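# Architecture at a glance
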Amino acid sequence: MSKNNSNKMWGGRFKMSPAEIMEDINASIDFDKRFALQDIQGSKAHAEMLAAQGIITKADGKAIVKGLDQVLAEIEAGKFKYSRALEDIHMNIEARLKTIVGEAAGRVHTGRSRNDQVATDLRLYVRETIDGLDDALVRLQQALAKQAEANAATLMPGFTHLQPAQPVTFGHHLLAYVEMIGRDRGRFQDARKRLNESPLGSAALAGTSFPIDRKATAAALGFDRPMANSLDGVSDRDFVLETLSAATITAIHLSRFAEEIVIWMTPQFGFISLSDKFTTGSSIMPQKRNPDAAELTRAKVGRIAGAFQSLAMVMKGLPLAYSKDMQEDKEVAFDAFDSLKLAVAAMTGMVEDLKANPEAMAAAAGQGFSTATDLADWLVRELKMPFRDAHHVTGSIVAEAEAQGVELADLPLEAMKAHEKRITKAVFDVLSVENSVKSRTSYGGTAPQNVMKSARSWLKRLEKDLSAG
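What counts, and at which threshold
- Residues numbered from 1 in each chain as written.
- Predicted model: local features only at pLDDT ≥ 70, side-chain atom pairs only at ≥ 80, totals over all residues.
- Heavy atoms only, no water.
- Helix = DSSP H or I, 4+ residues; strand = E, 2+ residues; numbered from the N terminus.
- Contact = heavy atoms within 4.5 Å.
- 1 Å grid on protein atoms, 1.4 Å probe; cavity = no way out; pocket = protein on both sides within 12 Å on 5 of 7 lines; lining within 4 Å.
- Points joined across faces, edges and corners; volume = space filled by probe spheres on them.
- Nonpolar A, V, L, I, M, F, W, Y, C, P; charged D, E, K, R; others polar.
- Axes fitted to C-alpha atoms, helices over the stretch in contact; angles between N-to-C directions.
- Parallel < 35°, antiparallel > 145°, perpendicular 65-115°, else oblique.
- Left-handed = near helix turned anticlockwise from the far one by under 90°.
- Phe/Tyr/Trp six-rings, centres within 6.5 Å; stacked < 30°, edge-to-face > 60°.
- Buried < 20%, exposed > 50% of the residue type's maximum accessible area, 1.4 Å probe, protein only.
- Lys NZ or Arg CZ within 6 Å of the ring centre and 35° of its normal.

### Notes on the environment of His419
Within the secondary structure layout, His419 lies in the loop between α16 (413–417) and α17 (433–439). In sequence terms His419 and Phe369 are 50 residues apart; their C-alpha atoms lie 17 Å from each other. Contacts of His419, omitting those with residues within four sequence positions, involve Val393, Ser396, Ile397 and Glu400.

Here it is in structure tokens:
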């Protein structure tokens, strides 16, 4: 039940405190308290600008900044007491600031609103998240590239439709994920460029009549420029959606690789093994070694993609400018980014930990007539056949090998000549898995020399990226 006393947050307009259920649905302090650092950074920049512009005194500006530093120290020391009655991190910090510096605290909110304040905090948070994710993704790429370098000539089957297609190398397969993650990093960096504009000073929605210097606060907070439209400044959440979109695609890539790890670890494949560090046992079956880290990484994409969809549904029907619906932007974003950080770390650990089984991979690479394309290419190259004719002849030879229960390399020459009399024993040079892989020297192909060159090139680039970061 509401109480008959004025609301300290809203001043004279409201005569009663909110109902308990209103406080429950309205308060965001339980989750937006993780904005404390960003909120204090924004308030310090704003206070310093107000003092520089003569909107508040320099003494008040200094007192506010000093007081905010004390508040941050209390938060970092775990001594700060949060109040749900004060709704959010902004009012909690301002209330504590008032007890430290007195009346000056009431001047920090001059020329701004919680609308542009939270938009600024969220941009700072997402920007820092992107920077942290980039470092983590570089380390994952490094782990993959190192394994690729070590397995540049390790044979394995390449699949389409999860059926044996053509032989490749394990290093080549791993480098495919290095390329994917490189694009993921590019998407995050693109999102970072677009979000790096400051909404601070947009105030509630229309700007302010105070002579603020928005360029100064933007520069102080590391933004490239102030946002050009105050309505857009307080109501835009494109930057969260775009970053969640990039996160979703990244999580999909991690999930695809996690699925392969799960498959490769089965006894039916036996391509790789993971140590005790990234596997678990069974409470009833003592022989089990379960790839739980991979399975949990695979599952994270559901939460991350769900966060994007959730925020998209929140934003799709909102008129300009700010609506309280936007409070729903934070929890899903926090959860998605936390989930992605954990998934990237887990995948990096698994890649560093995994051991390839070259014998099992090589044996599987020769199964399923995987060098059939090499035979067709030989017919085109040596007998000058049109490829479609070569494809047909090869198909009939594969059917013959299947009927005899042998692989192509074990099919007698005479059996092949029955389908194309011009075939010579030289064809056997291309029917081995090793020679098939070595022949794929086209740019981006699986030839071991290509893989080694690409892996080393990536490792050099990634070392530079870490140094630059």
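There's plenty left to go through after this.
### Let's talk about empty space enclosed by the protein
Evaluated as defined, the whole model comprises one cavity of 30 Å³ or more. Computed from the structure, the largest cavity encloses a volume of approximately 40 Å³. Taken together, Asp39, Ser43, Leu68, His90, Ile93, Glu94, Leu97, Val108, Arg112 and Gln117 make up the lining of the largest cavity. When contributions to the lining of the largest cavity are tallied by element, the ones reaching two or more residues are α3 (36–52) and α5 (89–101). Among the elements that make up the lining of the largest cavity, the one with the highest residue count is α5 (four residues). Here the residues of the lining of the largest cavity sort into four nonpolar, three polar and three charged.

### Quick look at the packing of α3 against helix α6 (residues 114–150)
At a closest axis distance of 9 Å, the pairing of α3 and α6 adopts a crossing angle of 120 degrees. Judged by the angle between their axes, α3 and α6 are oblique. Remark: the crossing between α3 and α6 carries right-handed chirality. Two secondary-structure elements touch here, α3 through Gln38, Asp39, Gln41 and Ser43 and α6 through Gln117, Asp121, Leu124, Tyr125 and Glu128. Split into classes, the residues belonging to the contact of α3 with α6 amount to two nonpolar, four polar and three charged.

### Observations regarding the environment of Ala251
Locating Ala251 in the fold gives a position in helix α10 (residues 238–264). Linking Ala251 and Gly302, residues 51 residues apart in sequence, is a C-alpha distance of 8.8 Å.

### Some points on the packing of aromatic side chains
All told, the structure shown has 10 aromatic pairs when counted by the stated rule. Arranged with centres 6.2 Å apart and planes meeting at 55 degrees, the rings of Phe159 and Phe269 form a pair that is tilted. With Phe159 in strand β1 (residues 155–160) and Phe269 in the loop between α10 and β5 (272–273), this residue pair connects regions lying 110 residues apart in the sequence. Taking the relative accessible area as the measure of exposure, Phe159 reaches 27% and is therefore partly exposed. Each ring, one from Phe257 and one from Trp264, has its centre 6.1 Å from the other, and the planes form 75 degrees; the classification is edge-to-face. Both residues of the pair, Phe257 and Trp264, count as buried. Here the aromatic residues Phe35, Tyr125, Phe334 and Phe337 are joined through ring pairs into a cluster of three or more. Geometry around Phe334 places Arg34 over its ring, the cationic atom sitting 4.4 Å from the centre. Note that Arg127 overlies the ring of Phe223, its terminal NZ or CZ placed 4.9 Å from the centroid.

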